[in-house]
Amino acid sequence: AQKITQTQPGMFVQEKEAVTLDCTYDTSDPSYGLFWYKQPSSGEMIFLIYQGSYDQQNATEGRYSLNFQKARKSANLVISASQLGDSAMYFCAMRESDFGNEKLTFGTGTRLTIIP
Amino acid sequence: GAGVSQSPSNKVTEKGKDVELRCDPISGHTALYWYRQSLGQGLEFLIYFQGNSAPDKSGLPSDRFSAERTGGSVSTLTIQRTQQEDSAVYLCASSPSDLGQYLHYEAFFGQGTRLTVV
């Protein structure tokens, strides 16, 4: 089974609108961390936001917020007031705490295109 | 430099040749990861080093692939007898740990090595 599932291969969103990128995960470990990264066409990997499994509140970083629904095992990224520079690939990732499972596992990504 | 450094940035090699890709992680980072990214695709996990523990090699696609990390710092990914399907960008990342706590630390990525097998 896939550890991280991103079901939207591509999305087109009008500039200034909010956008939600979906991510579901699979783990039996009670302690884990969830990450979102952005990869523009330049290829660099840019860390956006982190959510810990025991965090009581949803993480926020500027225009980025994480809609964490633990019971549903989902960690969707919300980008408010989208900008042209938000066009990129977005990857969801998880790190578990179980010995032997500490590696960072990535989903297949969502290509976001912002339309002017 | 302060970031993760990978060399070379580009490598073109002939099918059947061996290649070595190098990664210099951020100083003090105990964890080091290698990923492979084919054009327009996601990140495929290859191998993970954490401190002095045995590496997690579960993602290596074949025995032509191997990696080592010397002195807990620099890592080399070696691909023997390269094949055209090995063409991809190879990304290295590192992250810290603090007294064994590592869960919440982001991974810092290098710019990658673009490998082309002709």
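One can find the structure itself at the top, above this paragraph.
As a starting point, this report considers the structure included with it. (Residues numbered from 1 in each chain as written. Chains lettered and ligands numbered in written order. Predicted model: local features only at pLDDT ≥ 70, side-chain atom pairs only at ≥ 80, totals over all residues. Heavy atoms only, no water.)

## Observations regarding the sheet that holds strand β3 (residues 19-24) of chain B
All names here are of chain B. Pairing in this open sheet of four strands is antiparallel, and the strands run β1-β3-β7-β6 from one edge to the other. At either end of the open sheet lies a strand with only one pairing partner, and these are β1 (5-7) and β6 (65-69). Taken pair by pair, the neighbouring strands of this sheet meet at an average axis angle of 15 degrees, ignoring direction. Looking at chain direction, β3 and strand β7 (residues 75-79) are connected through five bridges and run antiparallel. Residue Arg 22 lies in a different strand from β7, and its bridge partner there is Thr 76. (Pairing = 2+ DSSP bridges. Helix = DSSP H or I, 4+ residues; strand = E, 2+ residues; numbered from the N terminus. Axes fitted to C-alpha atoms, helices over the stretch in contact; angles between N-to-C directions.)

## Overview of the state of the cysteines
Two cysteines joined by a covalent bond between their sulfur atoms form a disulfide. Using the criterion set out here, one finds two disulfides over all chains in the structure. Linked covalently through their sulfurs, Cys23(A) and Cys92(A) form a disulfide whose S-S length is 2.0 Å. Torsion about the S-S bond of the Cys23(A) and Cys92(A) cystine: about -65 degrees, corresponding to left-handed handedness. Of the two residues, Cys23(A) is situated in the loop between β3 (19-21) and β4 (24-25) and Cys92(A) in strand β10 (residues 88-96); the sequence distance between them amounts to 69 residues. Judged by relative accessible area, which is 0%, Cys92(A) ranks as buried. Paired by a disulfide, Cys23(B) and Cys92(B) hold their sulfur atoms 1.8 Å apart. With the S-S bond torsion at -65 degrees, the cross-link from Cys23(B) to Cys92(B) turns out left-handed. (Disulfide = S-S within 2.5 Å. Buried < 20%, exposed > 50% of the residue type's maximum accessible area, 1.4 Å probe, protein only.)

## With respect to the interface of chain A and chain B
Much of the literature gives interface size as the accessible area that the parts lose upon coming together. The interface of chain A with chain B comprises 23 residues on the first partner and 21 residues on the second. Summing both partners gives a buried area of about 1800 Å² for chain A against chain B, and 56% of it is carried by carbon and sulfur. Across the contact surface, chain A and chain B share one salt bridge. The residue Lys103(A) makes a salt bridge to Asp56(B) at a minimum N-O spacing of 3.3 Å. At the surface where chain A touches chain B, the tally comes to seven residue pairs in polar contact (both at pLDDT 80 or more). Breaking the side of chain A that touches chain B down by element, the ones donating at least two residues are β5 (32-39), β6 (46-52), β10 and β11 (104-106) of chain A. With five residues, β5(A) is the single largest residue contributor to the side of chain A that touches chain B. Of the residues that constitute the side of chain A that touches chain B, the class distribution is ten nonpolar, seven polar and six charged. (Contact = heavy atoms within 4.5 Å. Buried area = accessible area lost by both parts, 1.4 Å probe. Salt bridge = Lys/Arg side-chain N within 4 Å of Asp/Glu carboxyl O. Polar contact = N/O pair within 3.5 Å; in protein donor to acceptor, adjacent residues only side chain to side chain. Nonpolar A, V, L, I, M, F, W, Y, C, P; charged D, E, K, R; others polar.)

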